[in-house]
Amino acid sequence: MTSPAEQLSLITAGGPAHRPATDAVRLLLFNAQHASPERSRRQAEWIAGQEGADIAILTEVSSTRGGDALVTALTERGYATLIAPQPSTPDYRTVIACRSSDVQPVPSPVTVTPHRAPAARVTVGGHDIGVLGLYVPSRGPKDQRNVAKRAFQEAVTESLPRLLAAFPGMPVIVAGDLNVIERGHQPPHKVFGKWEYAFYDSFRAAGLTDAFRHLHPDEVAHSWFGRSGNGFRFDHLFVSTPHAERVLACDYHQEAREAGLTDHAVMTLRLGLPSTPGEQGEVPAKRAG
């Protein structure tokens, strides 16, 4: 398991493009698509320019020069805290970037390839928030078809109750590229097995709510498109169910994908917080957009 010391990389940052909000958690989910150093720097510039990216969860980050360039560029553009675990052997990883320095990395609850599942406690406006980023392996080569994917998914499912227990009473956000779709997905895709749908279901069973579906129960949305043009909703954001009514916005955005910065849609989340630390306060009305 990656230790907090190995996860945390603090580098003196330049002036931020945006100041972090104190009345809401503003999170952005971005698939880096194992970018080259040059494209990684363009990705960092784009991410830093998004007002709602106080916390950025970056999936499919390489463990080589491209990933290192992304981490460095984000610190240069005002991200005070980067949690960027390095795998012991070459593999993709997940990175958590925060504009605030009021962040405590915690050991990943996921025991299989934990560099794909970093976790942190982030303080926003005096309130502590639990965050877990996930990048589920793809189906893999023929000789190892679904071996790594299934092992990681099983480890995540087993870890979710521990994750929520580690942040008692706090909002918990799980964000990532899960490489699975929900039941009833449109269009349907026969390639997915029962165990993959069961993985998506395990988040609800553990006490987490699909934030996008909470606000948009019937909307057809896709975050990745295959060669045939068929869409898949692979990227997901979950919020601890007791705090789901505080979800103010959760949406997919295609601009970065259409600009060639990534091959995935970007997801954003805005989660309202009580006005005074320690007070539950009135739950804000949920709204889309």
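Going by the structure above, here's the rest.
Residues numbered from 1 in each chain as written. Predicted model: local features only at pLDDT ≥ 70, side-chain atom pairs only at ≥ 80, totals over all residues. Heavy atoms only, no water.

Asker: Mind showing me how you'd approach the nonpolar core here?
Answerer: Grouped burial of nonpolar side chains is what soluble globular proteins tend to show. Formed by 30 residues in total, the largest nonpolar core has its most connected members in Ile55, Ile173, Cys250 and Leu269. Core analysis: the next-biggest nonpolar cluster, separate from the first, contains 24 residues, Val136, Val174, Leu208 and Phe238 among them. (Core = buried A, V, L, I, M, F, W, Y, C linked by side-chain atoms within 4.5 Å. Buried < 20%, exposed > 50% of the residue type's maximum accessible area, 1.4 Å probe, protein only.)

Asker: Please clarify how the pattern of salt bridges should be interpreted in this entry.
Answerer: Pairing between side chains becomes possible if they bear opposite charge and their charged atoms approach one another. Under the definition given, this model contains 15 salt bridges. A salt bridge links Arg26 to Asp54; the shortest N-O distance between them is 2.8 Å. Here Arg26, found in strand E2 (residues 24-31), pairs with Asp54, found in the loop between helix H2 (37-48) and strand E3 (55-61); they are 28 residues apart in sequence, far enough to count as distant. Given a relative accessible area of 13%, Arg26 falls into the buried group. Judged by its relative accessible area of 7%, Asp54 is buried. Among the charged side chains, a network of salt bridges with common partners joins Arg26, Glu51, Asp54 and Arg99. (Salt bridge = Lys/Arg side-chain N within 4 Å of Asp/Glu carboxyl O. Helix = DSSP H or I, 4+ residues; strand = E, 2+ residues; numbered from the N terminus.)

Asker: Got a minute to help me understand the pairing of strand E15 (residues 266-272) in this structure?
Answerer: Side-chain positions along a regular strand alternate between the two faces of the sheet. Extensive coverage of E15 is indicated by the burial of 5 of its 7 residues. Sheet analysis places E2 next to E15, joined by 6 bridges and oriented antiparallel. By the bridge assignment, Leu29 is partnered in E15 with Met267. Of the strand pairs in this sheet, strand E14 (residues 247-253) and E15 are connected by 6 bridges, and their pairing is antiparallel. Opposite Val247, over in E15, you have Leu271 as the bridge partner. (Pairing = 2+ DSSP bridges.)

Asker: What is the right way to look at the packing of H2 against helix H3 (residues 65-76) in this model?
Answerer: Where H2 contacts H3, the two axes come as close as 8 Å, and the packing angle between them is 30 degrees. As far as their axial angle goes, H3 and H2 are roughly parallel. Where H2 crosses over H3, the two elements pack in a sense that is right-handed. Residues Pro37, Ser40, Arg41, Gln43, Ala44 and Ile47 of H2 lie in contact with H3, whose contacting residues are Arg65, Gly66, Ala69, Leu70, Ala73 and Leu74. Class assignment for the residues of the contact of H2 with H3 results in 7 nonpolar, 3 polar and 2 charged. (Axes fitted to C-alpha atoms, helices over the stretch in contact; angles between N-to-C directions. Parallel < 35°, antiparallel > 145°, perpendicular 65-115°, else oblique. Left-handed = near helix turned anticlockwise from the far one by under 90°. Contact = heavy atoms within 4.5 Å. Nonpolar A, V, L, I, M, F, W, Y, C, P; charged D, E, K, R; others polar.)

Asker: Sorry, what's going on with the packing of aromatic side chains here?
Answerer: For any two aromatic rings, the description comes down to two numbers: the centre-to-centre distance and the angle of the planes. For the coordinates displayed, the defined rule picks out 11 aromatic pairs. Both rings, one in Trp224 and one in Phe232, keep their centres 5.5 Å apart while their planes meet at 55 degrees; by these two values the pair is tilted. Exposure remark for Trp224: the relative accessible area of 26% places this residue in the partly exposed category. Grouped by ring-pair contacts, the aromatic residues Phe192, Trp224, Phe232 and Phe234 constitute a single cluster. (Phe/Tyr/Trp six-rings, centres within 6.5 Å; stacked < 30°, edge-to-face > 60°.)

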